[in-house]
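Each chain, written out:
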Amino acid sequence: MKPVVLYNLCDVLTSCDLLRSTQNVFIREQVIVFLQIIGQNQRFYFISGIYYKSIETIHRYFRIVFKAVFKLYKHLIKDSGDIVPAEIMNNPRFYHYFKV
């Protein structure tokens, strides 16, 4: 991930008031730890050795960032309403999924 993308993600999480820096852990560090665990399949024990934090602290901030990222769906996914495209509506293959 490029640094610009990381900074933008941190800015979005901050502007939506989903994450805050604490006295000991900044927002970027929280997000980087989350992304390392998710993206590179790192273990909490391994990450705690890198950042000199306890496993409990790593786990706590992982959960906080996970919940914040999960709440982003309200800002990223828009409901299109009940409009079903004609190609799907008239196709008998999809009829039982989109009954009117």
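A.B. asks: What am I meant to see in unusual backbone geometry here?
C.D. replies: With phi around 60°, D17 is a residue other than glycine that occupies positive phi space. Summarising the element assignment, D17 is placed in the loop between α1 (3-15) and α2 (27-40). With a relative accessible area of 48%, D17 lands in the partly exposed category.

A.B. asks: What should I look at first to understand the packing of aromatic side chains in this one?
C.D. replies: Where two aromatic rings form a pair, the distance of their centres and the angle of their planes describe that pair. With the rule as written, the count across this model stands at five aromatic pairs. When the centroid spacing of 5.3 Å and the interplanar angle of 35° are considered together, the rings of F34 and F62 count as tilted. Of this pair, F34 sits in helix α2 while F62 sits in helix α4 (residues 55-71), and the two are 28 residues apart along the sequence. In this structure, F34 and F62 share a single accessibility class: buried.

A.B. asks: For this particular structure, what's the right way to read the confidence of the model for the chain?
C.D. replies: Detailed conclusions should not be drawn from predicted coordinates in areas where pLDDT is low. In this model, the chain carries an average pLDDT of 83, and 89% of its residues clear a pLDDT of 70 or more. For the chain, helix α6 (residues 86-89) is the element with the lowest average pLDDT, namely 76, and α1 is the one with the highest, namely 91.

A.B. asks: Explain a positive patch on the surface here, please?
C.D. replies: A grouping of R63, K67, K71 and K74 is seen on the molecular surface, where their side chains present a positively charged patch. Among the elements that make up the positive patch, the one with the highest residue count is α4 (three residues). Relative to the helices and strands, R63 is located in helix α4. Since its relative accessible area comes to 42%, R63 is described here as partly exposed.

A.B. asks: Just to check I follow, could you spell out the environment of R28 for this structure?
C.D. replies: Counting through the fold element by element, R28 comes out in helix α2. What makes R28 partly exposed here is its relative accessible area of 40%. Taking the C-alpha atoms as reference points, R28 and C10, separated by 18 residues in sequence, lie 6.3 Å from one another. Sequence-distant contacts of R28, defined by excluding residues within four places in its chain, comprise Y7 and C10.

A.B. asks: Would you mind going over the pattern of salt bridges with me for this structure?
C.D. replies: When their charged atoms lie close together, side chains carrying opposite charge are able to pair. In this structure the tally under the stated criterion is two salt bridges. Close ionic contact of R20 with D17 constitutes a salt bridge, the shortest N to O distance being 3.4 Å. With a shortest N-O distance of 3.6 Å, R60 and E56 are connected by a salt bridge. Pair noted here: R60 and E56 are both in helix α4, with a separation of four residues, about one helical turn.

A.B. asks: Looking at this model, I keep getting lost on the packing of α1 against α2. Mind explaining?
C.D. replies: Packed helix pairs are specified by the crossing angle of their axes together with the interaxial distance, meaning the distance between the axes. The N-to-C vectors of α1 and α2 enclose an angle of 115°; their axes lie 10 Å apart at closest approach. Judged on the interaxial angle alone, α2 and α1 are roughly perpendicular. Handedness of the crossing formed by α1 with α2: right-handed. Across the interface between the two elements, L6, Y7, L9, C10, L13 and T14 from α1 touch I27, R28, V31, I32 and L35 from α2. For the contact of α1 with α2, the residue count by class is nine nonpolar, one polar and one charged.

Calculation criteria
- Residues numbered from 1 in each chain as written.
- Predicted model: local features only at pLDDT ≥ 70, side-chain atom pairs only at ≥ 80, totals over all residues.
- Heavy atoms only, no water.
- Helix = DSSP H or I, 4+ residues; strand = E, 2+ residues; numbered from the N terminus.
- Buried < 20%, exposed > 50% of the residue type's maximum accessible area, 1.4 Å probe, protein only.
- Phe/Tyr/Trp six-rings, centres within 6.5 Å; stacked < 30°, edge-to-face > 60°.
- pLDDT = per-residue confidence, 0-100.
- Patch = residues over 30% accessible without salt bridge, like charges linked within 9 Å, V, L, I, M, F, W, Y side chains within 5 Å.
- Areas by Shrake-Rupley, 256 points an atom, 1.4 Å probe, with all protein chains shown as cover.
- Salt bridge = Lys/Arg side-chain N within 4 Å of Asp/Glu carboxyl O.
- Lys, Arg positive; Asp, Glu negative; His and termini not counted.
- Charge placed at Lys NZ, Arg CZ, Asp CG, Glu CD.
- Contact = heavy atoms within 4.5 Å.
- Axes fitted to C-alpha atoms, helices over the stretch in contact; angles between N-to-C directions.
- Parallel < 35°, antiparallel > 145°, perpendicular 65-115°, else oblique.
- Left-handed = near helix turned anticlockwise from the far one by under 90°.
- Nonpolar A, V, L, I, M, F, W, Y, C, P; charged D, E, K, R; others polar.

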